[in-house]
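Structural overview for review
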Amino acid sequence: MTKQFLDIEAFNKLLQKWNGKQIKVSKQELNDYDEAIIDLSAITYETHARRLDDYEPLHTLQLNGAGKVETDSKSYQALPKFTYEIPLEDSSLYQFDGERFALVTDRAIYTIEIFQ
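1. Brief notes about the nonpolar core
Among the nonpolar cores identified, the biggest contains 24 residues, and Leu63, Ile86 and Ile112 are the most heavily contacted of them. Taken together, the elements giving at least two residues each to this core come down to α1 (8-16), β2 (22-29), β3 (32-39), β5 (59-64), β8 (83-88), β9 (93-96), β10 (100-104) and β11 (109-114). When sequence neighbours within four positions are dropped, the list of residues in contact with isoleucine 112 reads Phe11, Leu15, Trp18, Ile23, Lys24, Val25, Leu63, Ile86, Arg100 and Phe101.

2. Here's the deal with the packing of aromatic side chains
On inspection of all chains with the given rule, the structure shows five aromatic pairs. Considering the side-chain rings of phenylalanine 11 and tyrosine 94, the 4.9 Å spacing of their centres and the 40° angle between planes classify their relative orientation as tilted. On the criterion of sequence distance, the pair formed by phenylalanine 11 in helix α1 and tyrosine 94 in strand β9 is long-range, its members being 83 residues apart. For the pair phenylalanine 11 and tyrosine 94, a shared accessibility class is recorded, and that class is buried. Consider the rings of tryptophan 18 and phenylalanine 96, whose centres lie 6.3 Å apart with planes at 65°: the pair is edge-to-face. In this pair, tryptophan 18 is assigned in the loop between α1 and β2 and phenylalanine 96 in strand β9, connecting sequence segments 78 residues apart. Considered together, tryptophan 18 and phenylalanine 96 belong to a single accessibility category, that of buried residues.

3. Regarding the confidence of the model for the protein chain
Overall, the prediction assigns the protein chain a mean pLDDT of 90, with 91% of residues at 70 or greater. Of all the helices and strands in the protein chain, strand β7 (residues 76-78) carries the lowest mean pLDDT, 90, while β11 carries the highest, 98.

4. A word on the sheet that holds β7
Across the sheet, eight strands lie side by side as β1-β9-β10-β11-β2-β3-β6-β7; this open sheet has antiparallel pairing. Only two strands of the sheet have a single partner each, and these edge strands are β1 (4-6) and β7. Going from strand to strand, the sheet's axes swing by 25° on average, the running direction of each strand aside. The pairing of β9 with β10 spans four bridges and is classified as antiparallel. Note that in β10 the partner of phenylalanine 96 across the bridge is phenylalanine 101.

5. A look at the pattern of salt bridges
Side chains that carry opposite charge are capable of pairing whenever their charged atoms lie near each other. Tallied over the entire structure, the rule returns eight salt bridges. Its salt-bridge partner being lysine 24, residue glutamate 113 comes within 3.8 Å of it at the nearest N-O pair. Of this pair, glutamate 113 sits in strand β11 while lysine 24 sits in strand β2, and the two are 89 residues apart along the sequence. With a relative accessible area of 19%, lysine 24 lands in the buried category. In this structure, lysine 27 and aspartate 34 form a salt bridge, with 3.7 Å as the shortest nitrogen-oxygen distance. Connected via shared salt-bridge partners are Lys24, Glu35, Asp97, Glu99, Arg100 and Glu113.

6. Things to note about the sheet that holds strand β4 (residues 42-47)
Hydrogen bonding along the main chain pairs the strands of a sheet, whether they run parallel or antiparallel. The sheet built from three strands is open, its strands ordered β4-β5-β8 with antiparallel pairing. Every other strand in the sheet has two partners, leaving β4 and β8 as the edge strands with one partner each. The average undirected angle you get between the axes of adjacent strands in this sheet is 25°. Alignment of β5 against β8, held across six bridges, turns out to be antiparallel. Directly across from asparagine 64, in β8, lies its bridge partner threonine 83. Packed onto the sheet, α1 meets β4, β5 and β8 and runs at close to 150° relative to β4.

Rules behind the numbers
- Residues numbered from 1 in each chain as written.
- Predicted model: local features only at pLDDT ≥ 70, side-chain atom pairs only at ≥ 80, totals over all residues.
- Heavy atoms only, no water.
- Core = buried A, V, L, I, M, F, W, Y, C linked by side-chain atoms within 4.5 Å.
- Buried < 20%, exposed > 50% of the residue type's maximum accessible area, 1.4 Å probe, protein only.
- Helix = DSSP H or I, 4+ residues; strand = E, 2+ residues; numbered from the N terminus.
- Contact = heavy atoms within 4.5 Å.
- Phe/Tyr/Trp six-rings, centres within 6.5 Å; stacked < 30°, edge-to-face > 60°.
- pLDDT = per-residue confidence, 0-100.
- Pairing = 2+ DSSP bridges.
- Axes fitted to C-alpha atoms, helices over the stretch in contact; angles between N-to-C directions.
- Salt bridge = Lys/Arg side-chain N within 4 Å of Asp/Glu carboxyl O.

Structural data, given as structure tokens:
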């Protein structure tokens with residue numbers, strides 16, 4: 001399948017269709033790879049008007065729901081809170097290939113797909 005670049009509005013509209021489904025979020029950041037499995041109950045966004053430094057993102061995508069994250073020992077533990085946060089930047093790229101989303105930021109690449 002071909003990857004289609006999206007703006008944030010189209011990305012959000014397509015992702016909202018996955019509410020109520022179990023998703024897998026993979027994050028590749030430098031030499032670190034993480035996976036989380038989430039029972040997606042809501043998709044929200046947060047804006048941080050008062051940032052303390054440039055490391056804190058201006059916007060955050062919040063994937064809400066119960067979930068678990070893979071640990072270094074290849075076992076899973078519950079997410080510390082019912083929200084998986086992805087920092088968004090003005091330069092973030094959003095792609096969809098019909099089966100999975102790719103969200104590319106300056107720090108990491110996130111892949112979101114239905115968990116089989």
